[in-house]
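Spelled out, the chains give:
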Amino acid sequence: MESDTVEHNGGCHCRRVRWRVQAPSSVLAWQCNCSDCSMRGNISFIIPSEKFELLGDSKEFLTTYTFGTHTAKHTFSKVCGITSFFIARSNPDDVAVTFKCVDPGTLNDVEIKHYDGINWESSYKQTGIA
């Protein structure tokens, strides 16, 4: 997907976690069926970590859960439990942003693709997610 880079703001439900990202107005988001993502209902797009900025005192309201290889860092609000961003196993140097946690008005189009997280290794090779 091609589009101009814009500033998106977003965060969790209780608004204790807030961030700003530079990303296109049209994004490719991934819906993963791994045990964690499917239970959370998470659909995210991936951006370079240098285009992500955690705002204010958000860090004090975050906690992280890992499992399996411990590469993915499932970060969420200690207050409301919402995962507004995380570090994906497929892109450990980048940030995965939950597209539904972006404030309204800056995302013009979201294309959603399936990522077979149950069969992680084969999906990683086939999808080009990295």
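Here is what the cut-offs are and how they apply
- Residues numbered from 1 in each chain as written.
- Predicted model: local features only at pLDDT ≥ 70, side-chain atom pairs only at ≥ 80, totals over all residues.
- Heavy atoms only, no water.
- Pairing = 2+ DSSP bridges.
- Helix = DSSP H or I, 4+ residues; strand = E, 2+ residues; numbered from the N terminus.
- Contact = heavy atoms within 4.5 Å.
- Axes fitted to C-alpha atoms, helices over the stretch in contact; angles between N-to-C directions.
- Phe/Tyr/Trp six-rings, centres within 6.5 Å; stacked < 30°, edge-to-face > 60°.
- Lys NZ or Arg CZ within 6 Å of the ring centre and 35° of its normal.
- Core = buried A, V, L, I, M, F, W, Y, C linked by side-chain atoms within 4.5 Å.
- Buried < 20%, exposed > 50% of the residue type's maximum accessible area, 1.4 Å probe, protein only.
- Salt bridge = Lys/Arg side-chain N within 4 Å of Asp/Glu carboxyl O.
- Polar contact = N/O pair within 3.5 Å; in protein donor to acceptor, adjacent residues only side chain to side chain.

A. Structural context of the sheet that holds strand β10 (residues 109-115). Here we have 5 strands laid out as an open sheet, ordered β8-β9-β4-β3-β10, and mixed in their pairing. Both outer strands of the open sheet, β8 (85-86) and β10, are each paired with one neighbouring strand and no more. As judged from the 7 bridges shared by strand β3 (residues 26-32) and β10, these two strands associate in the parallel manner. Within β10, the position partnered with alanine 29 by the bridge is isoleucine 112. The strands touched by helix α2 (residues 120-127) within the sheet are β3 and β10, with β10 carrying the most contacts at an inclination of about 135°.

B. Seen up close, the packing of aromatic side chains. Scanning the model with the defined rule gives 4 aromatic pairs in all. For the pair tryptophan 30 and tyrosine 115, a centre-to-centre distance of 6.2 Å together with 90° between the ring planes defines the contact as edge-to-face. Of this pair, tryptophan 30 sits in strand β3 while tyrosine 115 is found in strand β10, placing the two residues 85 residues apart along the sequence. Over the ring of phenylalanine 61 we find arginine 16; its NZ or CZ atom is 5.5 Å from the centre of that ring.

C. Summary view of the nonpolar core. Counting residues in hydrophobic clusters, the biggest one holds 20 residues, and the most contacted among them are Trp19, Phe45, Ile47 and Val97. Of all the secondary structure elements, the ones that give two or more residues to this core are β2 (18-24), β3, β4 (43-48) and β9 (94-98). With sequence-adjacent residues up to four places away left out, phenylalanine 45 is seen in contact with Ala23, Val27, Leu28, Ala29, Val95, Ala96, Val97, Phe99, Val102 and Leu107. One finds Trp30, Cys37, Trp120 and Ile129 within the second-largest nonpolar core, a separate group that totals 7 residues.

D. How the structure looks around the sheet that holds strand β1 (residues 5-11). Pairing in this open sheet of 3 strands is antiparallel, and the strands run β1-β2-β5 from one edge to the other. A strand with exactly one partner marks an edge of an open sheet, and here the two such strands are β1 and β5 (52-54). Along the sheet, successive strands turn relative to each other by an average axial angle of 20°, direction set aside. Bridge count between β2 and β5: 3 bridges; the pairing is antiparallel. Each bridged residue has a counterpart across the sheet, and for valine 21 the counterpart in β5 is phenylalanine 52.

E. Seen up close, the pattern of salt bridges. Here the structure, examined in full by the defined rule, presents 4 salt bridges. Close ionic contact of arginine 20 with glutamate 7 constitutes a salt bridge, the shortest N to O distance being 3.6 Å. Residue arginine 20 is located in strand β2, and its partner glutamate 7 is located in strand β1; the two are separated by 13 residues in the primary sequence. Classification of arginine 20 as partly exposed rests on a relative accessible area of 26%. Between arginine 18 and aspartate 103 there is a salt bridge whose closest N-O contact spans 2.6 Å.

F. Region of the structure containing the side chain of histidine 8. Checked against the element boundaries, histidine 8 lands in strand β1. On the basis of relative accessible area, histidine 8 is assigned to the buried category, the value being 0%. Of the polar contacts made by the side chain of histidine 8, one reaches the backbone oxygen of proline 24; its length is 2.9 Å. A polar contact is formed between the side chain of histidine 8 and the side chain of threonine 106, at a distance of 2.6 Å. Excluding its chain neighbours within four sequence positions, the residues that come into contact with histidine 8 are Trp19, Arg20, Val21, Ala23, Pro24, Ser25, Val102, Thr106 and Leu107.

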